[in-house]
Each structure stands twice: as C-alpha cells, then as structure tokens.
Amino acid sequence: MVDASLYAAFLAAALALCLTPGPDMMFIVAMGGKGGQATGVMAALGVAFGALVHGVAAILGLSALFTALPVLYHALRWAGAAYLLFLAWKAFRERGNPVGESGTAGAGGGPGRRRAFWQGTVTNLLNPKVILFNVAFLPQFVNPGLGHVGGQLAVLALTLVLVGLAVDAVIGLLSGRLSLLLRRSRRVARGLNLFSGTVFAGLAVRLVAAPD
C-alpha cells in the first residue's frame, strides 16, 4: 500500500521530529514531574490520542479549512494558549502540595491520571500548528502512482502517532521517575509544581508569539 523507500524515509523523519524537544514533550515532562511516572505516561497517551485525531482530520481533508480560513487558525491558537495558562494557574496554586496531598497529583491513581490523559489530548488538539504540520508533512511521503492515497495517509498518520507515543512514553517515565526521587520534601514538591506552571505558561506564550 505504501512505497517502501518513501516509508523508510518517513520513519527516519518521524523519529527525528519526535525526538526534537517541542511543546508536547515539554508538557509531558511537566506532567511527569508533577504527578509521577504513571501520570507522565498517561499524558503521553493523551498527546498520542490528540495526534491521532489530527491525523484522521488530515486524511478526511478537514484540516485544509485552516489554510482556507486563517481566522480559525488564530481562534484555535488563542484557545490553546488560554487553556495552557489555565493549567499554569492550577500548577502555581498547588505548588505547596507534595504528591499525595493534591487532587491533581493523583498519588492514588485514578482521577489525576485521567486528567493527565485528557489534558494531554486537549493541549495537542488546541495546537493549530500540529494540524498544519499534518497537512504539509504527510502528503510528501505518498506515492499517488500506487493508488489508495487515503490508505497511504492512514498508514503514515498511524506510524507518526506510534513513533511519537514510544518516544513520549519514555520521556514520561523518565520525568516521573526523577520526580519520585526528588520528592523528599515539601520544598522540592513546591519547586516541581512551580516548574510545571512555568512550562505551561511558557508554552502558552510560545503558541501565541511564534510566527505563523
């Protein structure tokens, strides 16, 4: 269904892109540092789910709306920045709570990890640059001569999601492991939550300040 040589090139490009630090990776590091290993992995799964939705949208042609209607792009960008600022505000407000004392830290598991998943999903979905990236990047590795263009795009989109998930899950585990080792005192816990809030705020500024 796909061109073998193009697919090999795509794998190399996808791995390089996923290993390059970006907003999603920084978000996962912040979540892992804030809530531990499981929270970091759930954040990675949420980001991967958002990326999958973006891939499906690109295959269906919905993402082309953002190139035709720039106002939608800017509206989504500001919405994403507002959401990241909300997460920053929550992290700053909880900066005095070590793991286990805050509802969002989720030391017991369920709610905190579920929130990490959905926050990762929403953060990824509200990044319009991911939408335009899929529109511009995936078609470069499609061979129209083989036919089944939609099928080729589906294979490429799924591959990108899986490569990204593999990299991000490792990042989530490492950042979560580090947080567990460091969380020996309330002072360290405050610092980690302050770091998370700073990352979220920085990502919001980056989203609105970066050139189109």
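Check the entry above for the structure.
The following paragraphs examine the structure supplied in this document. (Residues numbered from 1 in each chain as written. Predicted model: local features only at pLDDT ≥ 70, side-chain atom pairs only at ≥ 80, totals over all residues. Heavy atoms only, no water.)

1. Brief notes about the overall build of the protein chain
Within the protein chain, the regular secondary structure consists of nine helices and zero strands. From first element to last, N terminus to C terminus, the protein chain shows the α and β order α-α-α-α-α-α-α-α-α. Expressed as a percentage of its 212 residues, the buried residues of the protein chain come to 44%. Across the protein chain, every contact between residues at least 6 apart in sequence was considered, and the portion connecting residues at least 24 apart equals 82%. (Helix = DSSP H or I, 4+ residues; strand = E, 2+ residues; numbered from the N terminus. Buried < 20%, exposed > 50% of the residue type's maximum accessible area, 1.4 Å probe, protein only. Contact = heavy atoms within 4.5 Å.)

2. Points about the packing of aromatic side chains
Tallied over the entire structure, the rule returns five aromatic pairs. On the basis of an interplanar angle of 90° and a centroid distance of 6.3 Å, the ring pair of Phe49 and Trp118 is categorised as edge-to-face. Of this pair, Phe49 sits in helix α3 (residues 37–60) while Trp118 sits in helix α6 (residues 110–125); the two residues are 69 residues apart in sequence, bridging distant segments of the chain. Each ring, one from Phe117 and one from Trp118, has its centre 4.9 Å from the other, and the planes form 85°; the classification is edge-to-face. Through a chain of ring-to-ring contacts, the aromatic side chains of Phe49, Phe117 and Trp118 assemble into a single cluster. (Phe/Tyr/Trp six-rings, centres within 6.5 Å; stacked < 30°, edge-to-face > 60°.)

3. Overview of the nonpolar core
Ranked by internal contacts, the top residues of the largest apolar core, which has 19 residues, are Phe27, Ile28, Met31, Ala43, Leu87, Phe200 and Leu203. Element by element, the count of residues in this core is highest for helix α5 (residues 70–93), at six residues. Sequence-distant contacts of Ala43, defined by excluding residues within four places in its chain, comprise Phe27, Ile28, Met31, Ala116, Phe117 and Gly120. Core analysis: the next-biggest nonpolar cluster, separate from the first, contains 14 residues, Ala14, Met25, Leu153 and Leu160 among them. (Core = buried A, V, L, I, M, F, W, Y, C linked by side-chain atoms within 4.5 Å.)

4. Looking at helix α2 (residues 23–35)
Along its 13 residues, α2 runs 18 Å from first to last C-alpha, staying within 8% of the 18 Å computed at 1.5 Å per residue. The buried count for α2 comes to ten of 13 residues, which makes it a mostly enclosed element. Residues of α2 that are buried: Asp24, Met25, Phe27, Ile28, Ala30, Met31, Gly32, Gly33, Lys34 and Gly35. Trailing α2 by a residue or two, Gly36 shows a phi angle of about 100°, which is positive. (Expected span 1.5 Å × (residues − 1).)

5. A short note on the side chain of Ser175
As for its position among the elements, Ser175 is in helix α8 (residues 149–182). Under the relative-accessibility criterion, Ser175 is labelled buried at 11%. With sequence-adjacent residues up to four places away left out, Ser175 is seen in contact with Ile28, Val29, Gly32 and Gly33.

6. Side note on a nonpolar patch on the surface
Together, Phe49, Leu52, Val53, Val56, Leu60, Trp118, Leu158 and Leu162 line one region of the surface with nonpolar side chains, adding up to about 740 Å² of accessible area. Secondary structure elements with two or more residues in the nonpolar patch: α3 and α8. Among the elements that make up the nonpolar patch, the one with the highest residue count is α3 (five residues). Considering the arrangement of structural elements, one finds Leu162 in helix α8. The class for Leu162 is partly exposed, based on a relative accessible area of 49%. (Patch = residues over 30% accessible without salt bridge, like charges linked within 9 Å, V, L, I, M, F, W, Y side chains within 5 Å. Areas by Shrake-Rupley, 256 points an atom, 1.4 Å probe, with all protein chains shown as cover. Salt bridge = Lys/Arg side-chain N within 4 Å of Asp/Glu carboxyl O.)

7. Overview of the packing of α2 against α3
Interhelical geometry of α2 versus α3 gives an angle of 155° and a closest axis separation of 7 Å. Classed by the angle they form, the pair α2 and α3 counts as roughly antiparallel. Here α2 runs over α3; the crossing is right-handed. Across the interface between the two elements, Asp24, Phe27, Ile28, Met31, Gly32 and Gly35 from α2 touch Gln37, Thr39, Gly40, Ala43, Ala44 and Val47 from α3. Of the residues that constitute the contact of α2 with α3, the class distribution is six nonpolar, five polar and one charged. (Axes fitted to C-alpha atoms, helices over the stretch in contact; angles between N-to-C directions. Parallel < 35°, antiparallel > 145°, perpendicular 65-115°, else oblique. Left-handed = near helix turned anticlockwise from the far one by under 90°. Nonpolar A, V, L, I, M, F, W, Y, C, P; charged D, E, K, R; others polar.)

8. Some details on the environment of Leu15
Take Leu15: it is sitting in helix α1 (residues 4–19). The sequence separation of Leu15 and Val167 amounts to 152 residues, and the corresponding C-alpha distance is 8.3 Å. Not counting residues within four places of it along the chain, the set of residues in contact with Leu15 comprises Val163 and Val167.

9. Notes on the packing of α3 against helix α7 (residues 128–137)
Their axes nearest at 9 Å, the elements α3 and α7 cross at an angle of 50°. By the criterion of interaxial angle, the relationship of α3 to α7 is oblique. Considering the relative orientation of α3 and α7, their crossing is right-handed. Within the contact between the two elements, α3 uses His54, Gly55 and Ala58 and α7 uses Val130, Ile131 and Asn134.

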